[in-house]
Each structure stands twice: as structure tokens, then as C-alpha cells.
Amino acid sequence: MGDTRLKIGICGGTFDPIHTGHLAVAELVRCEYGLDRVLFIPSGMPPHKSLEDVTAPVHRLNMVKCAVGSNSSFEAVAMETERSGYTYTVDTLRELHRLYPEGTEFNYIIGADVLLDLLTWRNAREVFKLTDFIAVMRPGFSDEAFNKRLAELKREYEINIRSFEIPLLDISSTFIRDRIKAGKSVKYLVKEEVEEYIIKNKLYQQ
């Protein structure tokens, strides 16, 4: 018999706004690793950013809902935007383990650059026990610091980290916000439903 454990992917971040690069990466990873579902979890109060620099959680959550609605394998999750105070990954993972059946395999999808900061996450050792990681990187990516940290984490913390090469998708939320402020088109950079939501709610204009 094959592995019958539920395999869940996790995409976290501010998603300010969520764009087609986020969606493409999640779908590529989902197909590559046979994930049953990918959860998009926008952060509430991220500890590494000033509140003045982040759009209200309700708007970011709603944009995620607009973006993922057409993919039955994607799900927008509100647990961090509904949480009071700063949002930490360890709290989210604890909650997910309570919500999903025992033995569910969680796979946190991160950018290759994030791998260098994993040891700074709150309760990092517990995080490493609660989830595996899939580090996505651009074609031809080779970085000595990345490779050194990858080997260190696997050796010293016994983390299951898989690296996965993705096509070059050089889109960022900052780029999109800047274009909107300048009155330029963001068509095809975000889903149409997200673009309509941004226009309706006059986001990123100032």
C-alpha cells in the first residue's frame, strides 16, 4: 500500500498583495510532492514589520481568498489574521496539528533566502519538529551560505528540508504596490479578482 498520510503544504507571509508568482510556486510544489492541499496563511501582525507598512489583515486575507478560489487544492486560512498580538509560525503549527489528523505531514514552503534565517524564528527547535520544509530556488541557484546552512540544519537539527528549483518568476509584492502607486497596470501580475478588489478598496494608491 502507498503512503496514505495527508500531505499539507503551507504558504505563509504578508501577501501584500498576493500575486501570480505565489500561486505558480505553490502549484508547482503541490504537483512535485503530491500535496493534498496548500494552505495560504496571511500573517496578522508580523513581528519583523511595522504595522504602518502593512495593509490591514482583513484586506490581505480577502485578496488571498480572491486569488485561491478557483483552485480546489488551495485554501485561504484566517488563523493568523484573527489572532491578537504578534503572529508566530510556531503557534500556527501547533494549531494546525490540533486541527488535522495525527500523522498529517506538513510541508512549509519557503524561499531559499529564508533558509538562512530559520534559526532566528521563535522556538525554532519546536518548529523543526512540527513541519518539514521545501526551499524553492531559482534556476542555477548556487550559494555557499545556503548550502552550508542547509547541511548544518540537516546535521545538527535533523530537519527534513528538500530543495526545489522553480522557473524564474521575478515578481514581488513591492513591485506591484509601486506600480499601483504610479498608476500603472498590474494585469497578469495578480489574478483579475485580486486586481478588482484592489481597485474597489482603493488599496496601495498612497
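Residues numbered from 1 in each chain as written. Predicted model: local features only at pLDDT ≥ 70, side-chain atom pairs only at ≥ 80, totals over all residues. Heavy atoms only, no water.

## Quick word on unusual backbone geometry
Excluding glycine, residues mostly carry a negative phi; peptide bonds, for their part, are mostly trans. The step from Asp16 to Pro17 runs through a cis peptide bond, and the omega angle for that step is 5 degrees. Of note, Pro17 is situated in the loop between β1 (7-13) and α1 (20-33). Of note in the backbone geometry, Phe15 takes a positive phi value of approximately 50 degrees without being a glycine. With respect to the element layout, Phe15 can be found in the loop between β1 and α1. Backbone geometry at Glu158 places phi at a positive 55 degrees, although glycine is not the residue there. Considering the arrangement of structural elements, one finds Glu158 in the loop between α5 (144-157) and β6 (161-165). (Helix = DSSP H or I, 4+ residues; strand = E, 2+ residues; numbered from the N terminus.)

## Details of the sheet that holds strand β3 (residues 74-76)
The strands that make up a sheet are held in pairs by hydrogen bonds between backbone atoms, and each pair lies either parallel or antiparallel. Strand order in the open sheet formed by six strands is β3-β2-β1-β4-β5-β6, with parallel pairing between adjacent strands. At either end of the open sheet lies a strand with only one pairing partner, and these are β3 and β6. The sheet shows a mean angle of 25 degrees between the axes of neighbouring strands, direction not considered. Across the sheet, α5 is in contact with β5 (132-137) and β6; its angle to β6 comes to roughly 150 degrees. (Pairing = 2+ DSSP bridges. Axes fitted to C-alpha atoms, helices over the stretch in contact; angles between N-to-C directions. Contact = heavy atoms within 4.5 Å.)

## Quick look at the pattern of salt bridges
This structure, assessed with the given rule, holds ten salt bridges. One salt bridge in this structure joins Glu105 and Arg5, with 3.2 Å as the shortest N-O distance. Residue Glu105 is found in strand β4 (residues 105-111), and its partner Arg5 is found in the segment before β1; the two are separated by 100 residues along the sequence. Residue Glu105 is classed as buried on the basis of its relative accessible area, which comes to 11%. Here Arg94 makes a salt bridge to Asp91, at a shortest N to O gap of 3.1 Å. Within this pair, Arg94 and its partner Asp91 are both found in helix α3 (residues 89-99), separated by three residues, close to a single helical turn. Residue Asp91 is classed as partly exposed on the basis of its relative accessible area of 25%. Through salt bridges that share partners, Arg5, Glu105 and Arg162 make up one connected network. (Salt bridge = Lys/Arg side-chain N within 4 Å of Asp/Glu carboxyl O. Buried < 20%, exposed > 50% of the residue type's maximum accessible area, 1.4 Å probe, protein only.)

## What to know about helix α7 (residues 192-200)
For α7, the full list of buried residues reads Val194, Glu195, Tyr197 and Ile198. Angularly, the buried residues of α7 cover 160 degrees about the axis, an arc narrow enough to put them on a single face. Residues of α7 that are exposed and point over 90 degrees away from its buried face: Glu192, Glu196, Ile199 and Lys200. Where α7 is buried, its residues touch α2 (57-68) and α6 (173-181). Looking one or two residues past α7, Lys202 carries a phi angle of roughly 55 degrees, positive in sign. (Arc of directions from axis to C-beta.)

## A short note on the nonpolar core
Judged by nonpolar contacts, the single largest core of 31 residues is most densely connected at Ile18, Val29, Val38, Phe40 and Met63. For this core, the secondary structure elements donating two or more residues are α1, β2 (37-42), α2, β5, α6 and α7. With five residues, α1 is the single largest residue contributor to this core. Setting aside residues up to four positions removed in sequence, Phe40 forms contacts with Cys11, Phe15, Ile18, His22, Leu23, Ala26, Val64, Val68, Phe74, Glu75, Ala76 and Val77. (Core = buried A, V, L, I, M, F, W, Y, C linked by side-chain atoms within 4.5 Å.)

## What to know about the packing of α2 against α7
Between α2 and α7, the shortest axis-to-axis distance is 7 Å and the interhelical angle comes to 150 degrees. In terms of orientation, α2 and α7 fall into the roughly antiparallel class. The hand of the α2/α7 crossing is right-handed. Here α2 contributes Val58, His59, Asn62, Met63, Cys66 and Ala67 to the contact with α7, which in turn contributes Glu193, Val194, Tyr197 and Ile198. Of the residues in the contact of α2 with α7, the class split is seven nonpolar, two polar and one charged. (Parallel < 35°, antiparallel > 145°, perpendicular 65-115°, else oblique. Left-handed = near helix turned anticlockwise from the far one by under 90°. Nonpolar A, V, L, I, M, F, W, Y, C, P; charged D, E, K, R; others polar.)

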